[in-house]
Amino acid sequence: VNTYDSGKRMNRAIQVMEAAEACGDTEDANTLLKALENELADWFTADNDNNAEDKYFYYDENVGSLFGFPQAYYTVDGMTDHHFHYGYFIQAAAQVAFRDPDFIAQYSDIINEVIGDIAYDKKDSSSKYPYLRVFSTYEGHSWAGGYADNDSGNNQESASESLFSWVSLYLWGTLTGNDTYRDAG
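Every chain is numbered on its own, with residues counted from 1 as its sequence reads. At least 70 in pLDDT is required for a residue's local features to be given in this predicted model, at least 80 for side-chain atom pairs to be given and counted, and no such filter applies to totals for whole chains, interfaces and linings, which use all residues. In computing side-chain properties, one takes all heavy atoms of the structure into account and sets aside hydrogens as well as water.

Note on pairing: DSSP must find at least two bridges between two strands before they are called paired. Under the DSSP-based scheme used, a helix requires at least four consecutive residues in state H or I and a strand at least two consecutive residues in state E, with every element numbered from the N terminus. Two strands pair when backbone bridges link them, and strand E1 (residues 56–60) and strand E2 (residues 65–69) are joined in this way by 5 bridges, in the antiparallel orientation. Residue pairing in the sheet places Tyr-58 in a bridge with Phe-67 of E2. Once E1 ends, the chain turns through 4 residues before running back antiparallel as E2, passing Gly-64 with a positive phi of about 65°.

Structure representation (structure tokens):
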């Protein structure tokens, strides 16, 4: 399963988990929480068995970007849609952090890498990512196209998923006490 489909599935699981919590169904809510933790852990840890089913993130220093494999919708080949896809991971991490801070402490480094790819802290001069890679402060919105080489422009085909990524960043920053992420979101 690719970055986008995994992200969408995690988002649905979060919604069902929240409904179970609201109904007092702690057993099913905890089952969903553990499933979210397992899915994030699978993405956030890489093994070396070269299995085509592996899910992982890889930083490519030649282009200065974090790529999720397997890709979907040209997220690697065209550097497209990173904030759409990664927003789902940030949201899932924030939801888990809200309920299980110990789990998130284990994976905070990779979560910060995912965030860095779309919105690193410009005060951090050691960052390997460009500031707000996908967001144009001049235009006031994000761009989905990664290389800006589309004949029709750089495009932003999903304003809702773009907004979702920034809301997820806000939530992560709020839950972890990171005012820079909160403010960027």
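Moving on, we get to the packing of aromatic side chains. Geometry of aromatic contacts follows a simple scheme: Phe, Tyr and Trp rings, the Trp one being its six-membered ring, pair when their centres are within 6.5 Å, and the pair is stacked under 30 degrees between planes, edge-to-face over 60, tilted otherwise. Using the criterion set out here, one finds 13 aromatic pairs in the structure. Between the aromatic rings of Phe-44 and Tyr-107, the centroid separation amounts to 5.9 Å while the plane-to-plane angle is 45°, which identifies the pairing as tilted. Of this pair, Phe-44 sits in helix H2 (residues 26–44) while Tyr-107 is found in helix H4 (residues 101–119), placing the two residues 63 residues apart along the sequence. When its relative accessible area of 10% is taken as the criterion, Tyr-107 is described as buried. Joined through ring pairs, the aromatic side chains of Trp-43, Phe-44, Phe-57, Tyr-86, Phe-89, Phe-103 and Tyr-107 make up one cluster. Geometrically, a lysine NZ or arginine CZ counts as sitting over a ring once it is within 6 Å of the ring centre and also within 35 degrees of the ring normal. When the ring centre of Tyr-59 is taken as reference, the NZ or CZ atom of Lys-128 above it lies at 4.6 Å. Here's how the labels work: a residue is buried when its accessible area is under 20% of the maximum for its type, exposed when over 50%, partly exposed in between, all with a 1.4 Å probe on protein chains only.

Purely spatial values, then, with no claim about function.
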